[in-house]
Structure formats: structure tokens, C-alpha cells
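Overview (structure and organization)
If you want the building blocks of each chain, they are given just below.
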Amino acid sequence: MKRILVPTDFSACADNAINFAIQSAKLLPAKILLVHAFELNGDVYTDYMGVNKEYNQSQLREATEKLVQLKMSIENKEAVVLDTMVFTGGVKESILHLENEKDIELVVMGTSGASGFMQQIWGSKTAAVIGKTTVPVIAVPLEYQWKKPEKILLATNHFETDPEMLDIIFELAESFKAKVQIVVFTNEASDTTPTYLEHARKIPSYKEWLKEKFKDESIVIVHLFGINFEHALENFISQNEIDLLAMGTCKRSFADKIFHPGITKRMSYHTKIPLLAIPAKQNQV
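Procedures and definitions
- Residues numbered from 1 in each chain as written.
- Predicted model: local features only at pLDDT ≥ 70, side-chain atom pairs only at ≥ 80, totals over all residues.
- Heavy atoms only, no water.
- Helix = DSSP H or I, 4+ residues; strand = E, 2+ residues; numbered from the N terminus.
- Buried < 20%, exposed > 50% of the residue type's maximum accessible area, 1.4 Å probe, protein only.
- Contact = heavy atoms within 4.5 Å.
- Areas by Shrake-Rupley, 256 points an atom, 1.4 Å probe, with all protein chains shown as cover.
- Pairing = 2+ DSSP bridges.
- Axes fitted to C-alpha atoms, helices over the stretch in contact; angles between N-to-C directions.
- Phe/Tyr/Trp six-rings, centres within 6.5 Å; stacked < 30°, edge-to-face > 60°.
- Lys NZ or Arg CZ within 6 Å of the ring centre and 35° of its normal.
- Core = buried A, V, L, I, M, F, W, Y, C linked by side-chain atoms within 4.5 Å.
- pLDDT = per-residue confidence, 0-100.
- Salt bridge = Lys/Arg side-chain N within 4 Å of Asp/Glu carboxyl O.
- Expected span 1.5 Å × (residues − 1).
- Bend = angle between axes of the 7 residues up to and from the residue.

Another aspect to go through is the overall build of the chain. Along the backbone of the chain there are nine helices and 12 strands. In the chain, buried positions account for 49% of the 285 residues. Once local pairs closer than 6 in sequence are excluded, the contacts in the chain between residues at least 24 apart make up 78%. In the form shown here, the chain has an accessible surface area of approximately 14000 Å², with 51% of it arising from carbon and sulfur atoms.

Structure (C-alpha cells):
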């Protein structure tokens, strides 16, 4: 079974991500590890004097009790395999530490969105994780209500061949019984530029390659262009009823400037559907 790590701060935002992980775990199937990251208070002096010791112990006990209650509540309603733990440290540090120690294959986190430049705390912590992990991260918006994904969209400005990126998308699609669509985005204002025309020529052969590799005749590839990637992508998602957006997080070259980790992080704030951020490593054609 796969193993999904879900950080929680016991907020509604985290609860929504937990529900996404639970429903996904039934289909994958997967075990869930619920983690509450607890940062100890104090400094060298106050620790020496014992000022914060009792407070920290009290907070740890409270967090542990909350996790136990949460686990019992979930197991009483859902048929999932669930473990819990309290990690003394930050959210990002807990994920980076546990993804190797606990053989984590996927991280699911809540994101509360953004209001202007003032991101909510949990949303900010989620964005801070994207691009740092070695495993995929699914960011689940607070307002999102679970439904089994039927359309998964990969947004890229290349003809992606990285198996670490493609395999996770098609594995999820198989588990969810979902169809895969791919948007190849050309950062040009016109559809008559040499770059746009070059990409357009490559699409048929790329589509055939994907169909052969993944034995999937239902793959759809769409070519978008424009100078505002986020706006074009959000419109496409809305018009085509996309259920899960997948993007890579690695900046491979100057030409990737519209798809570097910062863009993927911003999409975690603004997208109304879950965002699958994949730490791709290899080059593409």
C-alpha cells in the first residue's frame, strides 16, 4: 500500500485535506499518517530555568490527545488504515524528515487561499513545502468539496517525458478511473510566432508517444498560448471541468521561467481545485 502524509493543525483547512486523503486512500489504496508539527517554545535561558518545560509538555499532551480523538473519529466512520504522530518541529521540517523515514509517497495539505498579498498561515505553510519535497504534494483548497477526480490536467510548457512526473499522474488516473488531459502552454502573444508553430508541429507525435507509453487512447492534448499563463490556465480549468491540476516544481532552464516553483506555489493559492505539485527531476524534449 502507498503511504500518504497529512499534516494537521486541527483547523477546518486541514480537516478538508484530511477528507481528501481519506477518500483518495480508499481508491489508491493507501495508509494515512496524520502528523501534528509542534514547535517548542523557549530559549537556552528559559529552558535552563524550566520556565517553558511544563508549558511545552502540556501542549504536547494536548496535541497527542487531539490526534487520538481525531483518529478514533475517522476510524469510526471510514474504512482506512490510519497512524498518528506528534513531531517537535516546524511543518516543513516534519514533512522533509518523515518522507524518507516513513516511506511517504504522497503529501496532502490544506491551503486556505490568499487575499491580496496576505496569505493565510496554513496556506503559506503549504506553499513553503511545494518545491522542497522529494515526493508529490497535493494542495487542497479550503472551499473544495471532495469528488472523485474524473479529469486530471497536466500543465506544462514542454513536451514532458520525465517518468517521475508522468508515472504519478497516470497511476492516479488509473486509480481514480480518470482521464488525463495535457495543456502545452506557449508563452507568446500570437499563434503565428515560430515558437508557437514549432510546438504545434510537435503535438501530434507527442500525443502518439503518450498513447503508446501508457496504453491510453483517451489522452487529450490542448495547445494554449498567451502572456498570462495563470489566467489562461484558470479559464481552461473552469471551462473544461477539470478536477485535479498537476504541475512540476523544478526550474530547469531560463525558458522555464513561467513554470518555476514560484508559479506552482501561486497556483496553490488561487486554484479552486486540488493542485498536484510534482518534483520533476529530468529534462524533457
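So, on to the sheet that holds strand β11 (residues 244-248). Taken in spatial order, the 10 strands line up as β3-β2-β1-β4-β7-β12-β11-β8-β9-β10 in an open sheet, and their pairing is mixed. Bordering the open sheet on either side are β3 (81-88) and β10 (220-225), each of which pairs with just one other strand. Each strand axis lies, on average, 25° off the axis of its neighbour in the sheet, ignoring direction. Bridge count for strand β9 (residues 179-186) against β10 is six bridges, and the pairing is parallel. Counted as the bridge partner of Thr186 is Phe225 from β10. Strand contacts of helix α1 (residues 12-27): β1 (2-7), β2 (30-38), β4 (106-111) and β7 (137-141), with the helix running at about 145° to β4, the strand carrying the most contacts. Strand contacts of helix α3 (residues 53-77): β2 and β3, with the helix running at about 170° to β3, the strand carrying the most contacts.

Here we take up the packing of aromatic side chains. Using the criterion set out here, one finds eight aromatic pairs in the structure. Ring plane angle 5° and centroid distance 3.9 Å describe the contact between Phe170 and Phe214, whose orientation is recorded as stacked. With Phe170 in helix α6 (residues 163-176) and Phe214 in helix α7 (residues 194-214), this residue pair connects regions lying 44 residues apart in the sequence. We note that Phe170, like Phe214, is buried. Cation over ring: Lys213 sits above Phe214, and NZ or CZ is 5.4 Å from the ring centre.

Take the nonpolar core next. Ile4, Leu34, Val108, Ile169 and Leu276 are the most contacted members of the largest nonpolar core, which totals 47 residues. Ignoring anything within four residues of it in the chain, the contact list for Ile169 reads Ile152, Leu154, Val180, Ala246, Leu276 and Ile278.

Moving on, we get to the confidence of the model for the chain. On average, residues of the chain carry a pLDDT of 85, and 82% of them reach 70 or more. Across residues 115-119, where pLDDT falls below 50, the model places four contacts with residues more than four positions away in sequence or in other chains. Contacts from residues 252-261, a stretch scored under 50 in pLDDT, to residues over four places away or in other chains number 33 contacts.

Under the definition given, this model contains nine salt bridges. A salt bridge links Lys2 to Glu171, with the nearest nitrogen and oxygen atoms 3.6 Å apart. Taken together, the residues Lys2 in strand β1 and Glu171 in helix α6 connect sequence positions 169 residues apart. Looking at Glu171, the relative accessible area reads 37%, which means it is partly exposed. Linked by salt bridges that have partners in common, Lys2, Glu105 and Glu171 make up one network.

The next point concerns α7. In a regular helix each residue adds 1.5 Å, so 21 residues correspond to 30 Å; α7 covers 30 Å between its end C-alpha atoms and thus fits that length. At Ile203, α7 shows its largest kink, close to 35°, and the proline Pro204 lies no more than four residues downstream.

Next up on the list: the pairing of β11. In terms of residue burial, β11 counts as a mostly covered element, since five of its five residues are buried. Here β11 shows two buried faces, one formed by Leu244, Ala246 and Gly248 and the other by Leu245 and Met247. Pairing geometry for strand β8 (residues 151-156) and β11, over three bridges, is parallel. Directly across from Ile152, in β11, lies its bridge partner Leu244. Examined bridge by bridge, β11 and strand β12 (residues 275-278) share four bridges and lie parallel to one another. Bridge pairing in β12 places Gly248 opposite Ile278.

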